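Given next are the chains, with one letter for each unit.
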Amino acid sequence: MKIWKRIFCIAAACCMGLSLAACGRSGVKDDTEYTDEDTITYKWLIPTQQQSSVYNSKIIQELRERFNVDFEFSAYPTGEQFNNKKQLALTGEGEYDIYSWVTKDEANEYGADEMFVDLTEYSEYMPNIMKVAEENPNAKYNLYNGEGNIFRFPTVEKDPASSSLEFSVVDAQLEAAGKTLNDLKTWAGFHDTLVAMKGDKQNYYPFYLRTKALDVQNFLYPFIMSFTKGVTGYYSVTTPAFDHDTQTYKVPFEVSGYKEAIEFVQSLYTDGLINPNHVAVDNTGTIVESMKKGDTCITYDYNGGLSGTYTAQKDLSDAHEGWQIVPFPLPQTGEGKEVYGVRSMAFGENGTALSSLMSDSKTVRAVKMLDWLYSEEAYNLLYWHEDVSAVDESGNHYYTNEDMYQSVASTVDVYLPWSITALFQSNYYTVLEPDNIFTTFREEVVLNEENEDKYVNPVALSFSFDEQEEISALQSKVNTYFMMNISGIMRGNSDLSWDEFVNELKDRGATRITEIYNQAYQRLYKTA
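Residues numbered from 1 in each chain as written. Predicted model: local features only at pLDDT ≥ 70, side-chain atom pairs only at ≥ 80, totals over all residues. Heavy atoms only, no water.

Take the overall build of the chain next. The secondary structure content of the chain amounts to 19 helices and 16 strands. Considering only residue pairs separated by 6 or more positions, the chain has 78% of its internal contacts joining residues 24 or more positions apart. When the accessible surface of the chain is split by element, carbon and sulfur atoms take 46% of a total near 23300 Å². (Helix = DSSP H or I, 4+ residues; strand = E, 2+ residues; numbered from the N terminus. Contact = heavy atoms within 4.5 Å. Areas by Shrake-Rupley, 256 points an atom, 1.4 Å probe, with all protein chains shown as cover.)

Let us now look at the nonpolar core. Ranked by internal contacts, the top residues of the largest apolar core, which has 138 residues, are Phe190, Phe207, Leu220, Ile298, Leu354 and Phe482. Considering each element in turn, this core owes the most residues, 11 residues, to helix 19 (residues 498–526). The next biggest cluster of nonpolar side chains, apart from the first, holds 11 residues, and it includes Val170, Met291, Leu316 and Phe438. (Core = buried A, V, L, I, M, F, W, Y, C linked by side-chain atoms within 4.5 Å. Buried < 20%, exposed > 50% of the residue type's maximum accessible area, 1.4 Å probe, protein only.)

The next point concerns the packing of aromatic side chains. According to the stated counting rule, one finds 45 aromatic pairs in the structure shown. For the ring pair Trp187 and Phe227, a centre distance of 5.9 Å and an interplane angle of 20° mean the geometry is stacked. Residue Trp187 is found in helix 7 (residues 187–198), and its partner Phe227 is found in helix 8 (residues 216–227); the two are separated by 40 residues along the sequence. When its relative accessible area of 3% is taken as the criterion, Trp187 is described as buried. Look at Phe227 and you get buried, because its relative accessible area is 15%. Clustering of aromatic rings is evident, with ring pairs tying together Phe167, Trp187, Phe190, Phe207, Phe219, Phe223, Phe227, Phe264, Tyr269 and Phe328. (Phe/Tyr/Trp six-rings, centres within 6.5 Å; stacked < 30°, edge-to-face > 60°.)

On to the sheet that holds strand 1 (residues 40–48). Spatially, the 6 strands line up as an open sheet ordered 2-1-3-12-4-15, and their pairing is mixed. Of all the strands in the sheet, the pair left with one neighbour each is strand 2 (69–77) and strand 15 (425–426). Contacting strand 1, strand 2 and strand 3 (98–103), helix 3 (residues 80–90) runs over the sheet at an angle of about 115° to strand 3. (Pairing = 2+ DSSP bridges. Axes fitted to C-alpha atoms, helices over the stretch in contact; angles between N-to-C directions.)

Here we take up the pattern of salt bridges. One pass over the structure, following the stated rule, counts 13 salt bridges. Residue Glu452 is joined to Arg343 by a salt bridge in which the shortest nitrogen-to-oxygen separation is 3.1 Å. In this pair, Glu452 sits in the loop between helix 17 (437–446) and strand 16 (455–456) while Arg343 sits in the loop between strand 11 (341–342) and strand 12 (347–354), placing the two residues 109 residues apart along the sequence. Given a relative accessible area of 36%, Glu452 falls into the partly exposed group. (Salt bridge = Lys/Arg side-chain N within 4 Å of Asp/Glu carboxyl O.)

Moving on: the side chain of Asn451. Within the secondary structure, Asn451 is located in the loop between helix 17 and strand 16. A relative accessible area of 12% places Asn451 in the buried class. With sequence-adjacent residues up to four places away left out, Asn451 is seen in contact with Tyr340, Glu444 and Val445.

What follows deals with the layout of surface pockets. The calculated volume of the second largest pocket comes to roughly 430 Å³. As for the second largest pocket, its lining consists of 23 residues, and the residues nearest its centre are Val132, Glu135, Asn136, Val156 and Lys158. Within the residue set of the lining of the second largest pocket, elements represented by two or more residues are helix 5 (127–135), strand 4 (153–157) and helix 13 (376–383). The dominant element in the lining of the second largest pocket, judged by the number of residues it contributes, is helix 5, at 4 residues. (1 Å grid on protein atoms, 1.4 Å probe; cavity = no way out; pocket = protein on both sides within 12 Å on 5 of 7 lines; lining within 4 Å. Points joined across faces, edges and corners; volume = space filled by probe spheres on them.)

What follows concerns the sheet that holds strand 5 (residues 167–170). Within the open sheet, the 4 strands sit side by side as 6-9-5-10. Their pairing is mixed. At either margin of the open sheet sits one strand with a lone partner, and together these are strand 6 (207–209) and strand 10 (325–328). For this sheet, the mean angle separating the axes of adjacent strands, direction not counted, is 25°. Note that strand 5 and strand 10 share 4 bridges and pair antiparallel. The partner of Val169 across the bridge, within strand 10, is Val326. Contacting strand 5 and strand 10, helix 17 crosses the sheet at an angle of about 10° to strand 10.

A few words now on helix 7. Helix length check: helix 7 (12 residues) gives 16 Å between terminal C-alpha atoms against 16 Å at 1.5 Å per residue, within 8%. Among the residues making up helix 7, those that are buried are Trp187, Gly189, Phe190, His191, Thr193, Leu194, Met197 and Lys198. Among the residues trailing helix 7, Gly199 stands out with phi positive, at a value near 60°. (Expected span 1.5 Å × (residues − 1).)

Here it is in structure tokens:
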């Protein structure tokens, strides 16, 4: 959003007789200079997945006392509701002091418009985040933009496996079908197992992915990741694909295996193994109910998060004694390289930005406060608060309060608030019980050194303002056309041939975007 667009929006609002000041968006720079004795209150737009307010959490109490600050939180559930609020705020003028869950692209776009603080001017107050950048040279390009600016405090992924998503199967359903985990190692075996599970039952769909409505990209992620051997599919299935062998970016839709992945998904629909309305509705809250009814045998992306594993397993075993959800690796094509998933980058895509309308003294304290959240002290206070945890003889942390493992919201929201863990130092696996089957899988498969080459290490890029503006405009056209047609193609009811589909995507910008990615890669990694 460029400055002239925002000016237009302001002028339009004035013409309608609206007072920006009355709306809390005066757009006026705060010139108040605060002393250390003054308590500063920050208006903070923040996402939530909690039942209780983040304001009441231990970590926020620590911030208030340590930095002599207070907060007025505007917290909204993640997804459409938060995104709508965020977009309204981003196109306004100074409604908040702190903006969280801001993407890298949003930070750079609105930072270029001088809406957000350029944090490079305050780097002396950011020892913790700068230390992460120094220890992860590749990831620094996910921190800085192409002009050398920093417009957000990004999430730091503390666990290299945070981005790894696995499939899970209900063991009793697998046994009843006469199959074993070995049958799920390949996509052919995966398909045959689903067929055996379905049998001759009508309106019964044994495969179920947790997705939000129209979230086709997340739906296609595992298939494309596996069929393309990790060249594309992670984070986005429409952005340029990176070939690690040639060290070049390619148009994703032309990468070997991409078309075959779509054809495999088509076979799941054609053979009635997945609900024909899948991805047309939001099913994130119904997957466990479907398991309990015996309608779902295999799922994808339900072993992550802070509460999903324990809750899902307990609900299933309560409904069917002895039933268990068992994780297994991403199936393979049976030929060539095996790919299980993608490793996390040090810096995540989302982050927290600061309003440029704050006074310098208010900005400095905010920078110090947010940077502290990346410290080891903050991490231990957040994840291993002494009230609910202890350390064993081997130096391993564990929770002494069972509420933490059992995801009791009244306890977890106080000691491990999602709004903070997801924004600063993110580690989704601390609340898995030591003897949990997912913990064992994680240790034996995901973090096993023998499997290290099966996980892709993503490449970070940074773009200039002009490059980012061009990419954003073209990517919007590509994504719109992709979303308009991919559902019909993967269901087998589209009049478009694959070549027609790909050529149109290339003409709408996929080719040009790939060129820009390669230019940025050469500039960042190939320049002596």
